[in-house]
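Analysis of the macromolecular model
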Amino acid sequence: MLSFKILETLALFTVAFSDLAVAETEIAGGFGPSAYTAPGAFPTSVYKHYYNSPTATSAQPQPVISDPVSHKIYPYELTNPWRLPKNDTHDPHILPPIASSGQILESAFQQVLSIAGSSSFGTNNCARCQAALQVGKFLAMAAPEQGPTFVVRVCEHFNFDQDCATTYGLDQLGWVITQVIANADVGGLDGQMICSNFISGLCSPTTTPLNLTSWFAKPKPAVLPAAKKPSGKRLKVLHLSDLHLDPRTTFAFVYDAYQCCRDNVVNSQTPDEIVFPAPRFGAYLCDTPLSLMLAGLKAVPILAGTERTGFDFTLYTGDLVSHDPDNQLSRDYVLYTETVLYDLIKKLINTGPVYPALGNHDTHNEAQDAPHALGGELGNQFSWNYDHVAGLWEHEGWLPQSAIDFARSHYTAYMVKRQDGLRVISLNTDMWYTANYFNYINMTNPDLFGMLRFLTDELQDAEDAGDAVWILGHVLSGWDGTQPLQNPTNLFYQIVDRFSPHVIKAVFWGHSHEDQLMIYYANNATSISAQAAQAVGWIGPSFTTSRNLNSGFRVYEVDSETFDILDAHTWKSDVNSYPQLDKQSVRGPTFEYEYSTRKAYGGSVPGWGPNDPLNASWWHLVTEAMEKDPALVTTFNTYQGKSSVRTQPCTGDCITAKICYMRSASASISQQNCIPGFGTVQ
């Protein structure tokens, strides 16, 4: 029946077009003609209605089409050749449903596992690490409340820590890492540095080249101003560092654990027995108990001969708080320690004005300081501590009001212009400490905190006024290059070069707990010589005995006009003798004179008079003497550990490395030039 209808329809069409169609000769075998020429006019009878004239030859016919299923008549706009649509704005475009934060967490974790096991990265674990950080970044932005949980799960899966929940939970570093990952460029240098410094050195980023075209307001004078003549009068300046008070000390001691003088730390071999009670005045693996703190601070003015006269002034290069893990710390614990120690320094030492710097342990969480550039609450989340320490410095009467006010709003950095022509500039070096997670945001900017801009401007003002400057901070800018970041210390190095030796007379650090020293050279140390030596970075010995060190402090003799250092005297207390002081109260710890810097090394530098400064050129000549006589390196190594019986000897490559560290005052120079692995005697 259907076939008949089709044939009938074809017949009707044949009749209708018979006057127009031209058929050719039929082909034998039952087929139609061999060719067919269609009529020129459009067969208008095919459709009942049109949007345009179907007989026109200037455009294609636009029939009106009715859908027999939807009963919809399709509009002319759908096929209008003169108005082509740019987007399909009518059809549905289905997106997946919004995922819950829990679903985002689970998906992110599974993606990290997929990335870790993917063969597409080959041996490029740096790229693999950054890809995983990208996943973490999107989680931190979309579901920040899940950030700490995500960090803990990743930590546990890859066994990054023995107690991931405690270390990286919300109450500890989890909130910090979530903030940082959300704000960092994890696909760029930020991510490379995170993977380098926190995840087994998976990346090896290099120092970013500096553009100093507009950094300095004026070039370094081609001819430096004439040096001031020495006055012949010597100032006594006390240098204290790394007190690390431990008010929680108990008498349980363990040989195989750090921070051993604690009730919660046990000997792994005899966990239920106190094998060796902690000495009342401290031990090699512990921080400073209150008994040692008072004994030592009382000894300082007696040994320095300043009981009546007092010191001309005092430098404190940071770290007041004990080395507790973050889960045992709190803001109040930090504030308590700051309150106790600044009060003791004021009570027990006739210090003169004290110029302090904030250490990496003098905040909570440890080492964390956020740049104001984050804005709002995030940018000011550590102001609680800036306010407090600045208030304590004000209370003790150590700093002028202008410095106090500046410190409150600038990460505790400040400048003091003394009446004798010396300016003291204090920096918060958490800005370049590798353990400060907030430094891993926008790392292509070497001065995200604005600290080095402040320093440069103050040095320019001092140069214009003809004043001398001392700079102090906590985390050293170089040595073996393991503690500071490359980019900011590279910029700092160029600043020191620009303003030395005519403005910057000395730089002071702490942090390492060891008696160390660094030399800053001109032109980024491309020429290492006595002539190129510009400034000295003195790294003060720690008061704390942690780790495996004796307790110590230093006093500088300084010319009152040039502010050059003429000698440095160091005292130490033998921790190995402390067990003998228990069970009696007649004798306490002994602090004794260790050495004079001039006497220890001056014999190796001919032609240097008794009143000539121990400046950068002198120290470079000392390093040249060390190259000829390794016994001098042995002497340096002994003093580095404050003559501790636990100091490891320095031989072979250690000798070469140690000299190189002394000549490397930025992380970049050290990592480029020196043999790694010999930075500490601990």
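Calculation criteria
Residues numbered from 1 in each chain as written. Predicted model: local features only at pLDDT ≥ 70, side-chain atom pairs only at ≥ 80, totals over all residues. Heavy atoms only, no water. Helix = DSSP H or I, 4+ residues; strand = E, 2+ residues; numbered from the N terminus. Rg over C-alpha atoms; globule rule 2.2 N^0.38 Å. Buried < 20%, exposed > 50% of the residue type's maximum accessible area, 1.4 Å probe, protein only. Contact = heavy atoms within 4.5 Å. Areas by Shrake-Rupley, 256 points an atom, 1.4 Å probe, with all protein chains shown as cover. Axes fitted to C-alpha atoms, helices over the stretch in contact; angles between N-to-C directions. Left-handed = near helix turned anticlockwise from the far one by under 90°. Nonpolar A, V, L, I, M, F, W, Y, C, P; charged D, E, K, R; others polar. Parallel < 35°, antiparallel > 145°, perpendicular 65-115°, else oblique. Right-handed = clockwise from strand over helix to strand, strands pointing away. Pairing = 2+ DSSP bridges. Core = buried A, V, L, I, M, F, W, Y, C linked by side-chain atoms within 4.5 Å. Disulfide = S-S within 2.5 Å. Phe/Tyr/Trp six-rings, centres within 6.5 Å; stacked < 30°, edge-to-face > 60°. Lys NZ or Arg CZ within 6 Å of the ring centre and 35° of its normal. Polar contact = N/O pair within 3.5 Å; in protein donor to acceptor, adjacent residues only side chain to side chain.

**A word on the overall build of the protein chain**
When helices and strands are tallied, the protein chain shows 19 helices and 14 strands. Rg of the C-alpha trace for the protein chain: 38 Å, well past the compact-globule value of 26 Å for 682 residues, more than 25% over. Across its three principal axes, the protein chain shows a C-alpha extent of roughly 135 × 70 × 50 Å. In the protein chain, which comprises 682 residues, the share counted as buried stands at 51%. Residue pairs in contact within the protein chain that sit at least 24 positions apart in sequence constitute 69% of those at least 6 positions apart. Carbon and sulfur atoms provide 55% of the accessible area of the protein chain, an area that totals close to 31,700 Å².

**A word on the packing of helix H2 (residues 101–117) against helix H4 (residues 147–158)**
The geometry of H2 relative to H4 is characterised by a closest axis approach of 10 Å and an angle of 35° between their N-to-C directions. The chirality of how H2 crosses H4 is right-handed. Contact residues: H2 offers Leu 105, Glu 106, Ala 108, Phe 109, Val 112, Leu 113 and Ala 116, while H4 offers Thr 149, Phe 150, Arg 153, Val 154, His 157 and Phe 158. When the residues that make up the contact of H2 with H4 are grouped by side-chain class, the tally is nine nonpolar, two polar and two charged.

**Notes on the packing of H4 against helix H6 (residues 170–183)**
Following both chains from N to C, one finds H4 and H6 inclined at 100°, their axes separated by 8 Å at the closest point. When the axis of H4 is compared with that of H6, the two are roughly perpendicular. Taken together, the residues of H6 that come into contact with H4 (itself represented by Gly 147, Pro 148 and Val 151) are Leu 170, Gly 174, Trp 175, Ile 177 and Thr 178. Split by residue class, the contact of H4 with H6 holds five nonpolar, three polar and no charged.

**Structural notes on the pairing of strand S9 (residues 504–509)**
Burial analysis of S9 places five of its six residues in the buried class, the great majority of the element. Taken together, strand S8 (residues 468–472), helix H14 (residues 486–498) and S9 form a β-α-β motif whose crossover is right-handed. Note that S9 and strand S11 (residues 533–539) share three bridges and pair parallel. Each residue of the ladder has a partner; that of Val 507, found in S11, is Gly 537.

**With respect to unusual backbone geometry**
For the bond from His 364 to Asn 365, the omega torsion is 0°, close enough to zero to count as cis. Along the chain, Asn 365 turns up in the loop between strand S5 (354–356) and helix H10 (376–379). Cis geometry marks the peptide bond from Ser 546 to Arg 547, where omega comes out at -5°. Inspection of the secondary structure puts Arg 547 in the loop between S11 and strand S12 (551–559). In this structure, Asn 159 takes a positive phi of about 60° despite not being glycine. Structurally, Asn 159 is set in the loop between H4 and helix H5 (164–168). At His 513, a position not held by glycine, the phi torsion is positive, near 75°. One can find His 513 in the loop between S9 and strand S10 (516–521).

**Notes on the sheet that holds strand S6 (residues 414–417)**
For sheets, the rule is that strands pair by backbone hydrogen bonds, running either parallel or antiparallel. Reading across the sheet, the six strands line up as S6-S7-S8-S9-S11-S10 and stay open at both edges, with mixed pairing between neighbours. Edge strands, defined here as strands with exactly one partner in the open sheet, are S6 and S10. Taking the axes of each pair of neighbouring strands and ignoring which way they run, one obtains an average angle of 20° across the sheet. The pairing of S6 with strand S7 (residues 422–426) spans four bridges and is classified as antiparallel. For Met 415, the partnering residue across the bridge sits in S7 and is Ile 425. Against the sheet, helix H16 (residues 616–628) makes contact with S10 and S11, and its axis sits at roughly 80° relative to S11, the strand it touches most.

**Brief notes about the nonpolar core**
One finds Trp 470, Phe 492, Tyr 520, Trp 538, Tyr 601 and Trp 619 to be the most contacted residues of the largest nonpolar core, which totals 166 residues. In this structure, Ala 108, Phe 109, Val 112 and Ala 143 belong to the second largest nonpolar core, which totals twelve residues.

**A short note on the state of the cysteines**
Summed over the entire model, instances satisfying the criterion amount to five disulfides. Linked covalently through their sulfurs, Cys 155 and Cys 164 form a disulfide whose S-S length is 2.0 Å. Measuring handedness by torsion sign, the sulfur bridge of Cys 155 and Cys 164 sits at about -70° and is left-handed. According to the relative accessible area criterion, Cys 164 is buried, its value standing at 4%. The residue that forms a disulfide with Cys 650 is Cys 654, at a sulfur-sulfur distance of 2.0 Å. Torsion about the S-S bond of the Cys 650 and Cys 654 cystine: about -110°, corresponding to left-handed handedness.

**Points about the pairing of strand S4 (residues 313–316)**
Neither face of S4 is left uncovered, since the one carrying Phe 313 and Leu 315 and the one carrying Thr 314 and Tyr 316 both have all their residues buried. Bridging between S4 and S5 involves three bridges; their strand directions are parallel. Each bridged residue has a counterpart across the sheet, and for Tyr 316 the counterpart in S5 is Pro 356. Between the parallel elements S4 and S5, the chain passes through helix H9 (residues 331–348) in a crossover that is right-handed.

**Structural notes on the sheet that holds strand S13 (residues 565–573)**
Here six strands make up an open sheet; going across it, the order is S5-S4-S3-S12-S13-S14 and the pairing mixed. With partners counted over all chains shown, the strands left at the sheet margins are S5 and strand S14 (591–596), one partner each. Each neighbouring strand pair of the sheet contributes to a mean axis angle of 25°, computed without reference to strand direction. In the sheet, strand S3 (residues 234–240) pairs with S4 via four bridges, with the strands oriented parallel. Looking at S4, one finds that Leu 238 is bridged to Thr 314. Contacting S3, S12, S13 and S14, helix H8 (residues 290–304) runs over the sheet at an angle of about 55° to S14.

**A closer look at the packing of aromatic side chains**
In the structure shown here, the tally under the stated rule is 37 aromatic pairs. Geometrically, the ring pair formed by Trp 432 and Phe 492 is edge-to-face, given 5.2 Å between the ring centres and 65° between the ring planes. In this pair, Trp 432 sits in the loop between S7 and helix H13 (451–465) while Phe 492 sits in helix H14, placing the two residues 60 residues apart along the sequence. In this pair, the class of Trp 432 matches that of Phe 492, namely buried. Their ring planes at 75° and their centres at 5.4 Å tell us that Trp 538 and Tyr 556 sit as a pair that is edge-to-face. In this pair, Trp 538 is assigned in strand S11 and Tyr 556 in strand S12, connecting sequence segments 18 residues apart. Put simply, the rings of Phe 313, Tyr 355, Trp 470, Trp 479, Phe 508, Trp 538, Tyr 556, Tyr 601, Trp 618, Trp 619, Phe 636 and Tyr 661 pair up and form one aromatic cluster. Residue placement shows Arg 153 over the ring face of Phe 109; its charged tip is 4.1 Å from the ring centre.

**Quick look at the side chain of Asp 515**
Mapped onto the elements of the fold, Asp 515 is located in the loop between S9 and S10. Given a relative accessible area of 5%, Asp 515 falls into the buried group. Among the polar contacts listed, one links the side chain of Asp 515 to the side chain of Arg 554, at a separation of 2.5 Å. Separated by 2.6 Å, the side chains of Asp 515 and Tyr 595 make a polar contact. Not counting chain neighbours up to four residues away, the residues in contact with Asp 515 comprise Ile 539, Pro 541, Arg 554, Thr 570, Tyr 595, Phe 636, Tyr 639 and Gln 640.

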